[in-house]
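# Observations on chain architecture
Residues per chain, in single letters:
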Amino acid sequence: DGIRYPVGPDTGIYIAPGRSAWVDNTANQTLRVVSVRCPDPGIDAAIHPAPPECPAPSSSARAPLVHLMDCEAETTADRWYRVLVDPRLGCEQVTQFVGSIPTGRAPDHFHEYEEVLCILEGHGRMWAGATHSDIAPGSCVYLPRRQMHCVENLGASALRLLGVFYPAGSPADARKQD
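Computed from a predicted model, the values in this text were never measured in an experiment.

A few words now on the side chain of Glu 114. Along the chain, the position of Glu 114 falls in strand β7 (residues 114-121). No salt bridge is formed by the buried Glu 114, whose closest oppositely charged neighbour, Arg 145, lies at an N-O distance of 4.3 Å. Looking at Glu 114, its side chain comes within polar contact range of the side chain of Tyr 142, at 3.4 Å.

As structure tokens, this is what we get:
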């Protein structure tokens, strides 16, 4: 909407439906952008109900971005995550977070929402039921609702990932198999 926002490393940005954005990299620095697009609710309203309307931005509206270090670290077991994008930025459609997973394998679990994981740092395995695939920076994984899964960190240092939930939810809302 013609408003400029400074963007740097570890910045979460929410672009609401019907809005557009562009990146002006005048410094010509290397820029890594990870993008996740939520499903169009018009495709299958039974699976993807229409999201709430997003208010039109105003001159007093909060910027549609947040910096990772400005977000409180939340823990679940021996892992931490920081929520970047959630209803605080104007809509209740998605939750975007950065998480850190220590060496080892988490318990298998599932969520009541769709999840996309993009690996930022580290390497490991993505488990979905009894099968697994290797993951490393640049890997992107889609998990449908109720898909049993876990991330196993095979490295000596933390595995860092960007996660997106649709509809919005909490990384702490993991359910174990009944």
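What follows is about unusual backbone geometry. Residue Pro 167 follows Tyr 166 across a cis peptide bond; omega there is -5°. The backbone phi angle of Asp 10 is positive, close to 60°, even though this residue is not glycine. Its place among the elements puts Asp 10 in the segment before β1 (11-13). One non-glycine residue, Arg 146, lies in the positive phi region at around 65°. In this fold, Arg 146 is placed in the loop between β10 (140-143) and β11 (149-153).

With that settled, consider the packing of aromatic side chains. A full pass over the atoms with the stated rule returns three aromatic pairs. Aromatic side chains Tyr 81 and Phe 97 sit 6.2 Å apart centroid to centroid with 75° between the ring planes, which places their arrangement in the edge-to-face category. Of this pair, Tyr 81 sits in strand β4 (residues 79-85) while Phe 97 is found in strand β5 (residues 95-101), placing the two residues 16 residues apart along the sequence. Classification of Phe 97 as buried rests on a relative accessible area of 5%.

The strand order across the open sheet built from six strands is β3-β4-β5-β12-β7-β10, with neighbouring strands paired in antiparallel fashion. Looking along the sheet, the strands with just one partner apiece sit at the ends: β3 (74-76) and β10. Pairwise comparison of adjacent strand axes, ignoring direction, gives a mean angle of 25° for this sheet. The sheet contact formed by β4 and β5 spans five bridges and is antiparallel. Among the inter-strand pairings, Tyr 81 is bridged to a residue of β5, identified as Gly 99.

A separate point is the sheet that holds strand β9 (residues 131-135). Spatially, four strands are ordered β6-β11-β8-β9 in an open sheet, and the strand pairing comes out antiparallel. Looking at strand neighbours, the two that pair on one side only are β6 (104-105) and β9, the edges of this open sheet. One ladder, built from two bridges, connects β6 with β11; its direction is antiparallel. Considered in β11, the bridge of Arg 105 is made with Glu 152.

In this section: the environment of Pro 6. Its place among the elements puts Pro 6 in the segment before β1. Note: C-alpha distance between Pro 6 and Asp 24 (18 residues apart in sequence) is 9.7 Å. Setting aside its immediate chain neighbours within four residues, Pro 6 contacts Leu 65 and His 67.

For the structure shown, the criterion picks out seven salt bridges. Arg 160 is the salt-bridge partner of Glu 121, the closest N and O atoms lying 3.4 Å from each other. Residue Glu 121 is found in strand β7, and its partner Arg 160 is found in strand β12 (residues 159-166); the two are separated by 39 residues along the sequence. Residues Arg 125 and Glu 152 are paired through a salt bridge, measuring 3.7 Å at the closest nitrogen-oxygen approach.

Definitions and limits used
Residues numbered from 1 in each chain as written. Predicted model: local features only at pLDDT ≥ 70, side-chain atom pairs only at ≥ 80, totals over all residues. Heavy atoms only, no water. Helix = DSSP H or I, 4+ residues; strand = E, 2+ residues; numbered from the N terminus. Buried < 20%, exposed > 50% of the residue type's maximum accessible area, 1.4 Å probe, protein only. Lys, Arg positive; Asp, Glu negative; His and termini not counted. Salt bridge = Lys/Arg side-chain N within 4 Å of Asp/Glu carboxyl O. Polar contact = N/O pair within 3.5 Å; in protein donor to acceptor, adjacent residues only side chain to side chain. Phe/Tyr/Trp six-rings, centres within 6.5 Å; stacked < 30°, edge-to-face > 60°. Pairing = 2+ DSSP bridges. Axes fitted to C-alpha atoms, helices over the stretch in contact; angles between N-to-C directions. Contact = heavy atoms within 4.5 Å.

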